Amino acid sequence: MNNTILQLTRIVQQVALADSPATQVSLIVDSISDVIQADVCSLYRANEQQDMVLLASHGLKHKNVVTIPYAKGLVGLVAKSRHPVNVKDAAAHDHYYYLPQTQEEKFVSFCGVPLVLFGKVIGVLVVQSRVAELFSKESEGFLVALASQLALIVSNIPVDAKIEDQNDRHRGVKGAPGIGIGKVRLCLSGELNSVPDAQCDDIETSVSQWLQLLDAVKLDIQSEQSALGREMPDSVSAIFDAYGMLLDDQELIEKVSYEIRQGHWLPYALKMTIQHYVEIFHAMDDPYFRARAEDIAHLGNKLYNAWRGTKGVDVNHVDGPIILTGVQVSVSDMASVPVNQLAGIVCYEGSSLSHTAVLANAMGIPAVMGTGTLKSLVNGDELIVDGNEGQIILYPSDMVANEFKKLVQKEKSLKKQLSLLKDLPAQTTDGHVLELFTNTGLLADITPGLKSGAEGVGLYRTEIPFMVRDSFPSEDEQVQVYERVLQAYEHKPVYMRTLDIGGDKQLPYFPIHHEENPALGWRGIRFTLDNIQLLMTQVRAMIRAASGQDNLNILLPMVISTGELTTFLELLDDALSQLTEEGVSVSRPRVGVMVEVPAAISQIPLWAKYIDFISIGSNDLSQYLLALDRNNSRVAERYDHVHPAVLHEVNRIVRLAREHNLPLSLCGEMAADPVAVILLMGMGIQRLSMSAAKLPKIKYLIRSISLTQCKQILQQALCLESSEAIRARVNDCLEQTGFNQYMKNQQNNQES
Ligand code: PEP
Ligand code: MG
């Protein structure tokens, strides 16, 4: 076996890129038997009863369905013991289980390894040979490594062997609730910035590939230019000209070839070159040349996507509902589709707390994340996104599509029922009133917030208007955006958060160099204090936008030290005096911090004299307390904001806020989870902020329970040892209060 890592990567990539589950399984068994030189390679998949169903085999006959009952045979032994079994003579083993239809008696030795996903055995990979010899340690190790890489892909392959079934279901994780039915629009454009380094295996071929790529992109640009024809405005025409000039630039061409010759693979050589030019242009004084940095970065992405054979999302000439689908669906992809046409989102990567999911929640768009790559999809394919169950259905049959259409109708009816609550207070049955606010970030979601009866904006994520643009918005442009929000919520509080980029939120035009640990890196207030000119512009814009009103509150993300807070307060003073000198009528906004890094909790008493309020960012707080990356679909199932550790800390924050007279709200996804809300109410939280789409349901919940009940349940929950036990306890109560039943009934009424 030569170069194991390369072989392994090649197989995983080929399988991931295969068009259909049938091709995927045959690729797996054929390539493994080829690499290991085994006479047989078979792939078994566990069904619901944990029996092993033979999905594909290179070498065994399996015309009809072959199933090995649970724990039977050597395959069963691998699955049950959860470790590899490597034997020289299978028939002599106690666990041998003969499958006559496969004619496997010809094969003597056996080596099987389990396929494990999230701690569960989902299948077994087996190799067999005619020779009575153990498979080498190297081959066994190769199978173990490959099995761990393939588990996610195999988990998406249907177990019932109806691989050609029209209703191709794929599981992912719940991103945003609801059901969307529509046609796929692929967002496959990759970000050159995120390309990792890799060694170049064949330098000369890569250099000539680079030259061919240049020619191909030049042709592409010419045809795009002529397709636009005479109607093209000057500004667009200038961009095409700039691309053309850059593609002919000898220095750029040579630099990429040079980097390849240094041993980097083509995409990374391109990334280094483009970053080099972006930095040079960024540093120029002349604004015209500075803006060219953007053209270069775009061109870099264009070249990279041409190399990958992919294009950005194109929704021109598409009628009807659209499901945006891709490795990641960016905020700009979402912004490129008219809101009333966007029916759903599917991301191959990411978890329920990735920024795309948060945004989908905010807009009320059903989303499923972390489905694994769905290479067979093409633009126009029919797809159902079931955000309630975290699944998608490709190519649904008419019968299945009709069932889902009925569900969509039921959901609509529930929404209508809940909308009747709009003007009623969020008051418990024993008379305690809570305030319900909305989270926003797009101008498009101001109206849904108001319609749902939100009493203010608990979190305005200012990074979103920054993310949907090609360059930093100017102070005047920011004023216009903020003004619309502050005016729409006149006399109601608006909590505007300063720019919170970094981590999973990147600006396309301000690439942050690769960080080993972006979640622990240059993000939130760390980023803005280091780029204080951006923060000054933003704060000035907020104050100007609030001129003549008294509803601006400034919220600071990711604060961990008093120094960050006092530096910000000095900047705020400076901004206020600058604007006063300029003749703007200003009023000092209230300032508070997001408590979202565990370090902030113990500092609350010290910060009380500097700040006016605090807001719990339960998404980040849970991610940092549990050390679970909120974007990693491999660990998404372990994440739960009602984990006992999170509950105890949130309870501590509420207590500290009360002791120090700091108004408190909670604005993470926890605020929209009925189970968590009961517990938060028990702690004494008075204000919750969530996406507009979820607000009516939470209001209904609050109106159906007493504060006394919530306090009792909280005391019990704080003594429980797991999220599951806590959820079960609170769910009992939701059953008793009739909340769960009400939600079901509303849906069923529509059906009858
Ligand atoms: C949070 O962390 O809970 C929060 C609301 O902020 P973000 O925008 O990072 O989700
Ligand atoms: Mg956060």
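About the criteria used
- Residues numbered from 1 in each chain as written.
- Chains lettered and ligands numbered in written order.
- Predicted model: local features only at pLDDT ≥ 70, side-chain atom pairs only at ≥ 80, totals over all residues.
- Heavy atoms only, no water.
- Core = buried A, V, L, I, M, F, W, Y, C linked by side-chain atoms within 4.5 Å.
- Buried < 20%, exposed > 50% of the residue type's maximum accessible area, 1.4 Å probe, protein only.
- Helix = DSSP H or I, 4+ residues; strand = E, 2+ residues; numbered from the N terminus.
- Polar contact = N/O pair within 3.5 Å; in protein donor to acceptor, adjacent residues only side chain to side chain.
- Contact = heavy atoms within 4.5 Å.
- Donors = N, O, S within 2.8 Å, 3.2 Å for Na, K, Ca; no water.
- Pairing = 2+ DSSP bridges.
- Axes fitted to C-alpha atoms, helices over the stretch in contact; angles between N-to-C directions.
- Parallel < 35°, antiparallel > 145°, perpendicular 65-115°, else oblique.
- Nonpolar A, V, L, I, M, F, W, Y, C, P; charged D, E, K, R; others polar.
- Phe/Tyr/Trp six-rings, centres within 6.5 Å; stacked < 30°, edge-to-face > 60°.
- Left-handed = near helix turned anticlockwise from the far one by under 90°.
- Arc of directions from axis to C-beta.
- pLDDT = per-residue confidence, 0-100.
- Salt bridge = Lys/Arg side-chain N within 4 Å of Asp/Glu carboxyl O.

A separate point is the nonpolar core. Of all hydrophobic cores here, the largest spans 108 residues; its most connected members are F568, I614, V650 and L688. Counting residues in hydrophobic clusters, the runner-up holds 33 residues, among them A38, A56, L150 and V154.

When you line up the elements, H264 lands in the loop between α7 (250–261) and α8 (266–282). At 3.1 Å, the side chain of H264 forms a polar contact with the side chain of D197. Discounting chain neighbours no more than four positions away, the residues touching H264 are D197, A198, C200, E259, A269 and M272.

Within the first shell, the magnesium ion (ligand 2) binds the protein through E596 (OE) and D620 (OD), at distances of 2.1 Å. Taken together, the residues E596 in the loop between β20 (590–595) and α19 (599–607) and D620 in helix α20 (residues 618–626) connect sequence positions 24 residues apart. Each member of the pair, E596 as well as D620, is classed as buried.

This next bit is on the pairing of strand β5 (residues 109–117). Along β5, eight of the nine residues are buried, which leaves the element largely enclosed by surrounding structure. Where strand β4 (residues 85–87) and β5 come together, three bridges link them in antiparallel fashion. Bridging across to β5, N86 finds its partner in C111. As judged from the nine bridges shared by β5 and strand β6 (residues 120–129), these two strands associate in the antiparallel manner. Residue pairing in the sheet places L117 in a bridge with K120 of β6. Between β5 and β6, which pair antiparallel one after the other, the connecting turn spans two residues, and F118 there sits at a positive phi close to 50°.

On to the packing of helix α22 (residues 674–683) against helix α25 (residues 723–737). In contact at an axis separation of 9 Å, α22 and α25 are set at 90° when each is read in the N-to-C sense. One finds that α22 runs roughly perpendicular with respect to α25. On α25, the residues touching P674, V675, I678 and L679 of α22 are I726, R727, V730, N731 and L734. Of the residues in the contact of α22 with α25, the class split is seven nonpolar, one polar and one charged.

Let's shift gears to the packing of aromatic side chains. Under the criterion given, the structure shown has eight aromatic pairs. Here the aromatic rings of F437 and Y495 are separated by 6.3 Å at their centres, their planes lie at 40°, and the arrangement is tilted. Taken together, the residues span a long stretch of sequence, with F437 in strand β16 (residues 433–440) and Y495 in strand β18 (residues 494–497) at a distance of 58 residues. Judged by its relative accessible area of 1%, F437 is buried. Plain terms: the ring middles of F466 and F472 are 6.3 Å apart, the flat faces sit at 70° to each other, and that makes the pair edge-to-face.

For the pair helix α1 (residues 4–17) and helix α4 (residues 137–155), the least separation of the axes is 10 Å and the interaxial angle reads 25°. One finds that α1 runs roughly parallel with respect to α4. Viewed along their axes, α1 and α4 form a crossing whose handedness is right-handed. Residues T4, Q7, L8, I11, V12, V15 and A16 of α1 form the contact with α4, whose own contacting residues are E138, F142, A145, L146, Q149, L150 and I153. Residue composition of the contact of α1 with α4, grouped by class: 10 nonpolar, three polar and one charged.

Turning to the sheet that holds β6, a few remarks are in order. Neighbouring strands of a sheet are bound in pairs by backbone hydrogen bonds; such pairs are parallel or else antiparallel. Spatial strand order, β3-β2-β1-β6-β5-β4: six strands in an open sheet with antiparallel pairing. The open sheet has two edge strands, β3 (67–68) and β4, and neither has a second partner. Taken together, the six bridges between strand β1 (residues 40–46) and β6 define a ladder with antiparallel strand orientation. Bridging across to β6, L43 finds its partner in L125. Contacts between helix α3 (residues 73–81) and the sheet are confined to β1, β2 (52–58), β3, β4, β5 and β6, with β5 contributing the most and set at about 40° to the helix.

As a further point, take helix α24 (residues 707–717). Those residues of α24 that fall on the buried side of the exposure criterion are L707, C710, I713, L714 and A717. Looking down the long axis of α24, one finds its buried residues gathered within 120° of arc, a one-sided arrangement. Next to the buried residues of α24 lie α21 (644–659), α22 and α25.

Let us look at the confidence of the model for the protein chain. Residues with a pLDDT of 70 or more make up 88% of the protein chain, whose mean pLDDT is 85. Per-residue pLDDT stays below 50 along residues 161–166; that stretch engages in 10 contacts with residues further than four places along the chain or on separate chains.

Glancing now at the pattern of salt bridges. Within the structure shown, the criterion is met by 23 salt bridges. A salt bridge links K694 to E669; the nearest nitrogen and oxygen atoms lie 3.6 Å apart. Here the residue K694 occupies a position in the loop between β23 (687–690) and α23 (695–703), and E669 occupies one in the loop between β22 (664–666) and α22, the gap between them amounting to 25 residues. Each member of the pair, K694 as well as E669, is classed as buried. Shared partners join several salt bridges into a network, and the residues in it are E463, R497, D500, R523 and D620.

Most of β20 is tucked away: five of the six residues are buried. Both strand β19 (residues 552–556) and β20 contribute to a ladder of four bridges, which runs parallel. Among the inter-strand pairings, L556 is bridged to a residue of β20, identified as V593. Where β20 lies against strand β21 (residues 613–616), four bridges are found, and the strand directions are parallel. Paired with G592 across the two strands is F613, which belongs to β21.

For Y395, which is not a glycine, the phi torsion comes out positive at approximately 45°. Mapped onto the elements, Y395 comes out in the loop between β14 (391–394) and α12 (398–419). Y395 gets classed as partly exposed once you look at its relative accessible area, which sits at 28%. The phi angle at M558 is positive, at roughly 65°, despite the residue not being glycine. With respect to the element layout, M558 can be found in the loop between β19 and α18 (562–581). Here M558 falls in the buried class, since its relative accessible area comes to 0%.

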